[in-house]
Amino acid sequence: MAKGRNPGDASTLQMALVGYQVEKQKIEEQIRRIQAQLKGKRVTVASANASAAKPAGRRVLSAAARARIAAAQKKRWAEHRKRVAQSKQG
């Protein structure tokens with residue numbers, strides 16, 4: 001055994017380590033909530049293991065949603081081109 005250490009020191013250190021790990025999980029959960037709020041997402045309370053297992057990624061849009069977005073963008077560009085053409089004529 002190492003000089004100056006007794007068995008009580010090891011158990012105290014183990015308990016301290018467990019306590020700090022619990023605090024670390026709480027802090028990480030708060031960080032995730034704040035980051036989600038900054039991104040404009042709603043956050044539900046989940047276990048630390050479940051939220052750490054799946055990283056947050058991009059949202060998936062349906063084909064219909066992509067088509068609506070594309071149609072709206074084409075309409076905006078058509079209006080823009082029409083205004084540019086009118087300003088060049090007049």
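Residues numbered from 1 in each chain as written. Predicted model: local features only at pLDDT ≥ 70, side-chain atom pairs only at ≥ 80, totals over all residues. Heavy atoms only, no water.

1. Quick notes on the overall build of the protein
- Within the protein, the regular secondary structure consists of 3 helices and 0 strands.
- Listing the helices and strands of the protein from first to last along the sequence gives α-α-α. (Helix = DSSP H or I, 4+ residues; strand = E, 2+ residues; numbered from the N terminus.)

2. Notes on the pattern of salt bridges
- If you walk through the whole model with that rule in mind, you get 4 salt bridges.
- Of the charged contacts in the structure, one is a salt bridge between lysine 26 and glutamate 23, with a shortest N-O distance of 3.8 Å. Pair noted here: lysine 26 and glutamate 23 are both in helix α1 (residues 7-38), with a separation of 3 residues, about one helical turn.
- Here glutamate 29 and arginine 33 are joined by a salt bridge, their closest N and O atoms 3.7 Å apart. Placement of both glutamate 29 and arginine 33 in helix α1 is noted, with a separation of 4 residues, approximately one turn of the helix. (Salt bridge = Lys/Arg side-chain N within 4 Å of Asp/Glu carboxyl O.)

3. Examining the confidence of the model for the protein
- Of all residues in the protein, 76% attain a pLDDT of 70 or more, and the chain-wide mean is 83.
- Per-element confidence in the protein is highest for helix α3 (residues 63-89), whose mean pLDDT is 95, and lowest for helix α2 (residues 48-53), whose mean pLDDT is 53. (pLDDT = per-residue confidence, 0-100.)

4. Side note on the side chain of glutamate 29
- The class for glutamate 29 is buried, based on a relative accessible area of 12%.
- Separated by 3.2 Å, the side chains of glutamate 29 and arginine 32 make a polar contact. (Buried < 20%, exposed > 50% of the residue type's maximum accessible area, 1.4 Å probe, protein only. Polar contact = N/O pair within 3.5 Å; in protein donor to acceptor, adjacent residues only side chain to side chain.)

5. Quick notes on the environment of arginine 76
- You can see arginine 76 is positioned in helix α3.
- Taking relative accessible area as the criterion, arginine 76 reaches 46% and is therefore assigned partly exposed.
- At 2.8 Å, the side chain of arginine 76 forms a polar contact with the side chain of glutamine 73.

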